[in-house]
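Structure assessment
One letter stands for each residue in the lines below.
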Amino acid sequence: MISSDSPIAWRMAQWNELVSNTKAQGLYLYLQEAQAIKGMHVTINGRDMLQFASYSYLDLLGHPKIDAAARAAIDQFSSGTHGVRILAGTIPLHNELEKTIADFKGTEDAMVFSSGFATNMATIAALVGRNDVVISDKLNHASIVDGCLMSRAKFVRAAHNDMDSLEKALAAVPDKKAKLVVADAVFSMDGDILDLPGVVDLCNKYEATLMIDEAHSVGVIGETGRGIEEYYGMKNVIDLKMGTLSKTIPSVGGYIAASAEMITFLKHTARAFIFSAALPPASAAAAKASFEVIMEEPERVKLLQRNVEHFINGLQARGFDTLNTQTPIVPIIAGSDERAWLMAKLSQEQDIFVLPVVSPAVPKNLARLRANVTAGHTIEEIDRAMNVFESAAKQVGVL
Ligand SMILES: *Cc1c(COP(=O)(O)O)cnc(C)c1O
């Protein structure tokens, strides 16, 4: 039971009040249902809107080859698995997917988990423990933070993308302790890119293991969308390349690409791999086909990169602050939480589906619209959205 003076009851009441107050002001924009999705056009509340909140960076959701692969997998292996990978759950599609990922990422081997969140949690906790140190960029994703906490290693936060701060943290670790450095390749709220060459130099100097989260980097940066190593023209400088199968790849799941020795180790120690069900056949097949499509249709990466440039340049020309983004994650700074809520609402009224990110997810006074551009937008659609953002910003006093 939940007694009325329990802190659980108090927390529930507090959140319910916050949600109902926001709804009463007509400013609650979360959990809206999309009744239909066709590329970057979504039907929400019965209205056709242009999607600017999607992670489908290469517009692969609904690709005929990927959908066909998912259907064929259901016909052959049905809807679920018989449990965990290590026992009865492995089917050929899992091994084929892992080989495809390893080839795409240029590593000896790879393994898949049932979500990107679980991948980070389980991998970090398998790599380091009580006597070790894990150093994490301040803007890293929540799943990395939770993995660091769960590992029970000493958890050090380095200032964002700041090599002096990282070096101080590394230099302070006593000899003989395992050191793990974890960072996002592309930061999921600001859209800026990690200084990988700087991080790699420091990891080599201090003999630290390096794990990079490429959730927003695969399919997005680098000439052929291979991610952050390709972007910097580096090869196999990252010990563990983590990614998700739910953003550019229109499926679900997460992966680690690494040496064969690392993957064997993790397949027998990462708890979310050992104790959580295998990916459903349709999801594994869709993910595998998606990597193939990225390689077969390289023009998608080019289109995305053209759109990113057009969008960021256009917003800056209109006077917006977009921080240091160089990727399809584009923060449009509004200032206060209220301004961000209002700008999002005004934009949605003009049929541009975009969402606000407010504190505590981002610092107070850096509340923003978090707009995502994809390969599926036309230049005209990007221009239309920018005009809507501009008029909303003028109405609420951001511009
Ligand atoms: C989305 C995201 C994850 C989690 O991936 P899921 O597959 O959605 O669980 C992990 N890291 C980063 C940086 C992300 O943006």
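Residue positions are given per chain, counted from 1 along the sequence in the order it is written. A pLDDT threshold of at least 70 governs which residues receive local features in this predicted model, and a stricter bar of 80 or more applies before side-chain atom pairs are shown or counted, although totals over entire chains, interfaces and linings include all residues. Just so you know, side-chain values use all the structure's heavy atoms and leave hydrogens and water out.

When two cysteine sulfur atoms lie within 2.5 Å, the pair is treated as a disulfide. For the structure shown, the criterion picks out 0 disulfides. There is no disulfide at Cys-203, and the cysteine sulfur nearest it, in Cys-148, is 13 Å away.

Attention shifts here to the site of the ligand. Not every one of the 15 residues close to the ligand is listed here, only the nearest: Gly-116, Asp-213, His-216, Thr-244 and Lys-247. For the purposes of these results, a polar contact is taken to be a pair of N or O atoms within 3.5 Å, where, inside protein, one atom must be able to donate a hydrogen and its partner to accept one; residues adjacent in sequence count only when each atom of the pair is a side-chain atom. In this structure, Phe-117 approaches the ligand through a main-chain N or O atom, which is 2.8 Å from an oxygen atom. Within the side chain of Lys-247, one N or O atom sits 2.7 Å away from an oxygen atom of the ligand. In terms of residue count, helix H5 (residues 116-127) provides more of the shell around the ligand than any other element does, 3 residues in total. Each residue gets one label: Ala, Val, Leu, Ile, Met, Phe, Trp, Tyr, Cys and Pro are nonpolar, Asp, Glu, Lys and Arg are charged, and the others, such as Gly, are polar. Partitioned by chemical class, the residues of the shell around the ligand number 2 nonpolar, 10 polar and 3 charged. Here a residue is considered near a molecule or strand provided that any single heavy atom belonging to it is located within 4 Å of it. Numbered from the N terminus, helices here are DSSP runs of H or I no shorter than four residues, and strands are runs of E no shorter than two.

With a 1.4 Å probe rolled over the protein chains alone, any residue whose accessible area is under 20% of its type maximum counts as buried; one over 50% counts as exposed, and the rest are partly exposed. When you tally the buried positions in strand E9 (residues 240-244), you get 5 out of 5 residues, the bulk of the element. Because side chains alternate across E9, one face comprises the buried residues Leu-240, Met-242 and Thr-244, and the other comprises Lys-241 and Gly-243, equally buried. Where strand E8 (residues 209-213) lies against E9, 3 bridges are found, and the strand directions are parallel. By the bridge assignment, Ile-212 is partnered in E9 with Lys-241. The pairing of E9 with strand E10 (residues 254-258) spans 4 bridges and is classified as antiparallel. Bridge pairing in E10 links Met-242 to Ile-256. Should DSSP find at least two bridges between two strands, the strands are taken to pair.

A separate point is the domain arrangement of the protein. What fixes the domain bounds is an automatic or database domain assignment. Per the domain assignment, the segments making up the protein are domain 1 (25-54 + 298-396) and domain 2 (64-296). With centres defined by C-alpha atoms, the gap from domain 1 to domain 2 works out at 27 Å. Opposite the 18 residues of domain 1 that make contact, domain 2 presents 21 residues. Buried area: the sum, over both parts, of the accessible surface (1.4 Å probe) that disappears when the two are put together. Counting each side, the surface lost to burial between domain 1 and domain 2 is near 1,400 Å², with a carbon and sulfur contribution of 55%. Any carboxyl oxygen of Asp or Glu within 4 Å of a side-chain nitrogen of Lys or Arg constitutes a salt bridge here. Linking domain 1 to domain 2 there are 2 salt bridges. Inspection of the region where domain 1 meets domain 2 yields 10 residue pairs in polar contact (both at pLDDT 80 or more). Broken down by secondary-structure element, the contributors of at least two residues to the side of domain 1 that touches domain 2 are helix H13 (299-317), strand E11 (329-335) and strand E14 (367-372). No other element matches the 5 residues that H13 contributes to the side of domain 1 that touches domain 2. Two residues qualify as a contact provided that any one of their heavy atoms is within 4.5 Å of a heavy atom in the partner residue.

Quick look at the layout of surface pockets now. Only protein atoms enter the 1 Å grid used here, on which a cavity is any set of points holding a 1.4 Å probe that cannot leave and a pocket is any open set flanked by protein within 12 Å on both sides along at least five of seven lines; residues with an atom within 4 Å of a point are listed as lining. Grid points are joined across faces, edges and corners, and a volume is the space filled by probe spheres set on the points. When its volume is computed, the largest pocket comes out at roughly 930 Å³. Taken together, 40 residues make up the lining of the largest pocket; nearest its centre are Tyr-30, Trp-341, Leu-355, Pro-356 and Val-357. Of all the secondary-structure elements, those providing two or more residues to the lining of the largest pocket are helix H1 (7-24), strand E1 (34-38), strand E2 (41-44), helix H14 (337-349), strand E13 (355-357) and E14. In terms of residues, the lining of the largest pocket owes the most to one element, H1, which gives 4 residues. Split into classes, the residues belonging to the lining of the largest pocket amount to 24 nonpolar, 10 polar and 6 charged. When residues of the lining of the largest pocket are sorted by domain, at least three fall in each of domain 1 (25-54 + 298-396) and domain 2 (64-296).

What follows concerns the pattern of salt bridges. Scanning the entire structure with this criterion turns up 17 salt bridges. A salt bridge links Asp-103 to Lys-99, with the shortest nitrogen-to-oxygen separation between them at 3.0 Å. One end of the pair, Asp-103, and the other, Lys-99, are both in helix H4 (residues 92-105), 4 residues apart, so they sit about a helical turn from each other. Across the pair Glu-390 and Arg-318 runs a salt bridge, and its minimum N-O distance is 3.3 Å. Of this pair, Glu-390 sits in helix H15 (residues 379-396) while Arg-318 sits in the loop between H13 and E11, and the two are 72 residues apart along the sequence. On the basis of relative accessible area, Arg-318 is assigned to the partly exposed category, the value being 23%.

What follows deals with the packing of aromatic side chains. Only rings of Phe, Tyr and Trp enter the pairing, Trp through its six-membered ring, and a pair is recorded when the two centres are within 6.5 Å. The plane angle decides the type: under 30 degrees is stacked, over 60 is edge-to-face, the rest tilted. Using the criterion set out here, one finds 10 aromatic pairs in the structure. Ring centres of Tyr-30 and Trp-341 lie 5.6 Å apart, and the angle between their planes is 65°; this geometry places the pair in the edge-to-face category. Separated by 311 residues along the polypeptide, Tyr-30 in the loop between H1 and E1 and Trp-341 in helix H14 bring together distant segments of the chain. The partly exposed category is assigned to Tyr-30, whose relative accessible area is 30%. On the basis of relative accessibility, which here comes to 13%, the residue Trp-341 falls in the buried class. Every member of this aromatic cluster is reached through a ring pair, and the members are Tyr-28, Tyr-30 and Trp-341. A ring is considered to have a charge above it if a Lys NZ or an Arg CZ atom is located within 6 Å of its centre and within 35 degrees of its normal. Taking the ring centre of Tyr-28 as reference, the NZ or CZ of Lys-23 above it sits at 5.0 Å.

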